[in-house]
Amino acid sequence: MPVLFATGWVTRGLRFAKRALRNAKCVQWATGGRSLAELIGAAALMMMIGVPFNTSAANAGGLANLPAVMPAMNCAAVLSMDLSGVTDGTVTITSATVLPAGTVVGKNTLPSAVCDVKGTIGPGASSFELQLPTQGWTQRYLQAGCGGLCGNLSINAPMASTCVPVTDGQIAMAATDMGHEGGNDGSWALNPQAKIDFAYRGEHATAQVSKAIINKFYARPAKYSYFDGCSDGGREALMEAQRFPDDFDGIVAGAPANDLIVQNTIHHGWPAAMNVDPNTGKYILLASKLPLIHAAVLNACDSLDGVTDGVIDNPRVCHFDPATMLCAKGQASSTCLSPAEVGVVRAIHDGAIDSNGVHLEQPISREWGGELNWSLFVPATDAGPSGSINFVLPFLKYLDYFNGSTPTATLSDLKFTIDGFMKTIPTSSYLAATDPDLSPFSRRGGKLILWHGLEDQHITPEGTIEYYEQMKNVMGTEKVDQFTRLYLFPGVAHCGGGDGPNTFDIVTSVMAWTETGTKPGKIVASIIDSSGQTTRTRPVFPYPAVARYTGSGSTDDAANFVADMPSYDPHVNQHWIGEWLYSPGYEAWCQAQGSELICKGGNNWSDYRKVSSHWGDDAGK
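Since the model is a prediction, treat every value here as computed from it, not as a measurement.

Rules used in this analysis
Residues numbered from 1 in each chain as written. Predicted model: local features only at pLDDT ≥ 70, side-chain atom pairs only at ≥ 80, totals over all residues. Heavy atoms only, no water. Helix = DSSP H or I, 4+ residues; strand = E, 2+ residues; numbered from the N terminus. Buried < 20%, exposed > 50% of the residue type's maximum accessible area, 1.4 Å probe, protein only. Contact = heavy atoms within 4.5 Å. Areas by Shrake-Rupley, 256 points an atom, 1.4 Å probe, with all protein chains shown as cover. Core = buried A, V, L, I, M, F, W, Y, C linked by side-chain atoms within 4.5 Å. Pairing = 2+ DSSP bridges. Axes fitted to C-alpha atoms, helices over the stretch in contact; angles between N-to-C directions. Phe/Tyr/Trp six-rings, centres within 6.5 Å; stacked < 30°, edge-to-face > 60°. Lys NZ or Arg CZ within 6 Å of the ring centre and 35° of its normal. Salt bridge = Lys/Arg side-chain N within 4 Å of Asp/Glu carboxyl O. Parallel < 35°, antiparallel > 145°, perpendicular 65-115°, else oblique. Left-handed = near helix turned anticlockwise from the far one by under 90°. Nonpolar A, V, L, I, M, F, W, Y, C, P; charged D, E, K, R; others polar. Disulfide = S-S within 2.5 Å. Lys, Arg positive; Asp, Glu negative; His and termini not counted. Polar contact = N/O pair within 3.5 Å; in protein donor to acceptor, adjacent residues only side chain to side chain.

Here we take up the overall build of the protein. When its secondary structure is counted, the protein shows 16 helices and 17 strands. Burial statistics for the protein: of 621 residues in total, 56% are counted as buried. The contacts in the protein between residues at least 6 apart in sequence include a share of 70% that link residues at least 24 apart. Looking at the protein as shown, the accessible area adds up to about 24,100 Å², and 52% of this sits on carbon and sulfur atoms.

Here it is in structure tokens:
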């Protein structure tokens, strides 16, 4: 084998592979007179970037040809279903109604008629909704995650924009409110059962109940079950893979809020706290300066990927220094930054640190290139407030506690010290989804696609990268490659939007991988204008590959880009105080006993003095 990979052969093979990538969506090669070594070299690149080699698809998009199934009962009969023993609580069906094609449900217009089932799952107040196609069900089930603090029913699968079973109404779909209605202030967490349902039980129980109803309604089970979620829905997706590996065959986890407590305390609190002048109490950096900062960042880094297009394809190689924007003597303040503003910009990008420079979150909190989205937490006036506070207060008041609350908490109660960090995050033991050992999910044949937008203003892409890298450290790269892919979308903000191509379909990819073994390769993302016209397409390849312009043709056409492996970037650093959270063994399992939350497990939380002493802080004293 070493002889076959001699340098010249690999080089020719790589050139051949890249030519094939330019011209084919699904690569199926014959030898064509090329040497075995060239083919092996080509296959090596394809394996590295995850493009299928000699893979045949059973259907358009690689989906299995599954016969359509008709219901075995009428919709009204669902009301009298016996669902005892399906899950660990009492299931009550509250309605079962046929909704005709064209009915608007939430953000969606039904493409075909469904039997719309609603109900509750005890012992708490977890509600669910399940839509069952009344004609042409192709034996698939898709559960949609819920964002933010949830508290509502929303069957919406944004990453399935061209997924045929979804767009044609051939798939059964469900969603849950995760144990509470409304309550964006977090006050619902005074109910311990609501905490458990929000943490991990709500999605699991909904999967159990929905699949049981499907089995009875069609007189057969779903052949394949999928989950699609973004933001907290991404956390829910990973929680399913980690804690309930038998629930779903394929999972899409977008911009996952997997490190939920750190994200909604340290991560969101930092840009608000660091932007306040301690002497005046006024905000330093205002939103009016964001376009100026963004323009300077693009000027420094936009062309690094070989295309000047208003999007930084790989922010990890952009080392913009905000000090280059310091005002010169006599320069108009509207065209530059004061020393204090420079400090705030640097702090927002770099992330939270303590007084000794120890990182309290992943280094690189917000990637360069997403500055226009910083208006989420950079206010318009110096009176504020910062939008970040809205994400922090529900946790400081209600969700940072196993039991009890502090309804009067303010941002000033959040301390950016290691001691403050360790006192803030204990509920991560049941709310976080950072265990990188997905061996049970992998063993049963599950497939996982992680994705993140590189202009995400809410959740750092570094957290998703760290999770993926820790999966490989714990399980081994070869095993992880068998069932997981990570995609980073340039110019995409939180769960969509942003400056880059932000419309794409990931659900079809995970379905094809699950059903026919078609390994995910490039995913083409599009910019679609207000008139519905596609103005730009770009390929996104499995991490760590990036798209490289071939040098000819329109830069708005995905066909003119190929996969390229970036060189190692020594500036990338994921060494921080909470890195131990991304390891097996932290999970606690909880029960509600009266008004108390009783949790067991999470053994690696037993003594954090070792962690704090390693970092030289006074935590645990």
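Now for the nonpolar core. A general tendency of soluble globular proteins is for nonpolar side chains to be buried together. With 100 residues, the main nonpolar core has Leu132, Ile213 and Phe421 as its most contacted residues. Tallying contributions element by element places helix 4 (residues 192-217) first for this core, with 12 residues. If near-sequence neighbours (up to four positions away) are discounted, Leu132 is found in contact with Ala113, Val114, Cys115, Val117, Ala172, Ile213, Ile214, Phe217 and Tyr218. Membership of the second largest hydrophobic core comes to 33 residues, among which are Ala64, Leu66, Cys163 and Ile523.

Attention now goes to the sheet that holds strand 6 (residues 140-144). Read across the sheet, 9 strands follow the order 1-4-5-7-6-8-9-10-11 without closing on themselves; strand pairing throughout is mixed. Two strands lie at the open edges of the sheet, namely strand 1 (91-99) and strand 11 (484-489), each paired on one side alone. The sheet shows a mean angle of 15° between the axes of neighbouring strands, direction not considered. As judged from the 5 bridges shared by strand 8 (residues 224-230) and strand 9 (residues 250-254), these two strands associate in the parallel manner. When the bridges of strand 9 are listed, Gly229 appears paired with Ala253. The sheet contacts of helix 13 (residues 461-475) involve strand 10 (447-453) and strand 11, and relative to strand 10 the element is tilted by about 150°.

Using the criterion set out here, one finds 23 aromatic pairs in the structure. With a centroid separation of 5.1 Å and 85° between ring planes, the pair formed by Phe320 and Trp368 is classed as edge-to-face. With Phe320 in the loop between helix 7 (290-301) and helix 8 (339-350) and Trp368 in the loop between helix 8 and helix 9 (389-399), this pair connects stretches of sequence that are 48 residues apart. Owing to a relative accessible area of 9%, Phe320 belongs among the buried residues under this scheme. With centroids separated by 6.4 Å and ring planes inclined at 35°, the aromatic side chains of Trp368 and Trp374 adopt a geometry described as tilted. Taking relative accessible area as the criterion, Trp368 reaches 3% and is therefore assigned buried. Using a relative accessible area of 1% as the deciding quantity, one classes Trp374 as buried. Of the aromatic side chains, those joined through ring pairs into one cluster are Phe320, Trp368, Trp374 and Phe377. In this arrangement the basic side chain of Arg235 is found over the ring face of Phe198, its NZ or CZ atom lying 4.8 Å from the centre.

What follows deals with the pattern of salt bridges. When their charged atoms lie close together, side chains carrying opposite charge are able to pair. Taken as a whole and judged by the stated rule, the model has 15 salt bridges. The partner of Arg444 in a salt bridge is Asp246, and the shortest N-O contact between them spans 3.4 Å. Separated by 198 residues along the polypeptide, Arg444 in the loop between helix 12 (439-443) and strand 10 and Asp246 in the loop between helix 5 (232-243) and strand 9 bring together distant segments of the chain. Owing to a relative accessible area of 30%, Arg444 belongs among the partly exposed residues under this scheme.

At a minimum axis separation of 9 Å, helix 4 and helix 5 run at an interaxial angle of 70°. With respect to their mutual orientation, helix 4 and helix 5 come out roughly perpendicular. Considering the relative orientation of helix 4 and helix 5, their crossing is right-handed. Contacts between helix 4 and helix 5 involve Phe198, Ala199, Tyr200, Glu203 and His204 from the first element and Asp232, Arg235, Glu236, Met239, Glu240 and Arg243 from the second. Here the residues of the contact of helix 4 with helix 5 are counted per class, giving 4 nonpolar, 1 polar and 6 charged.

Tallied over the entire structure, the rule returns 6 disulfides. The disulfide bridge from Cys146 ends at Cys150, spanning 2.1 Å between sulfur atoms. Disulfide Cys146-Cys150: torsion about the S-S bond near 95°, hence right-handed. In this structure, Cys146 and Cys150 share a single accessibility class: buried. Disulfide pairing is shown between Cys230 and Cys495; the S-S distance is 2.0 Å. Disulfide Cys230-Cys495: torsion about the S-S bond near -100°, hence left-handed. Note that Cys230 is positioned in strand 8 and Cys495 in the loop between strand 11 and helix 15 (507-516), a separation of 265 residues in sequence. Taken in sequence order, the bonded cysteines of the protein link in the pattern 1-2, 3-4, 5-10, 6-7, 8-9, 11-12.

By secondary structure assignment, the location of Arg243 is in helix 5. This buried residue, Arg243, is left without a salt bridge; Glu587 holds the nearest opposite charge, at 5.4 Å. Polar side-chain contacts of Arg243 include one of 3.4 Å to the backbone oxygen of Ser429. Those residues in contact with Arg243 that lie beyond four places of it in its chain are Tyr200, Ser429, Tyr430, Glu587, Ala588 and Trp589.

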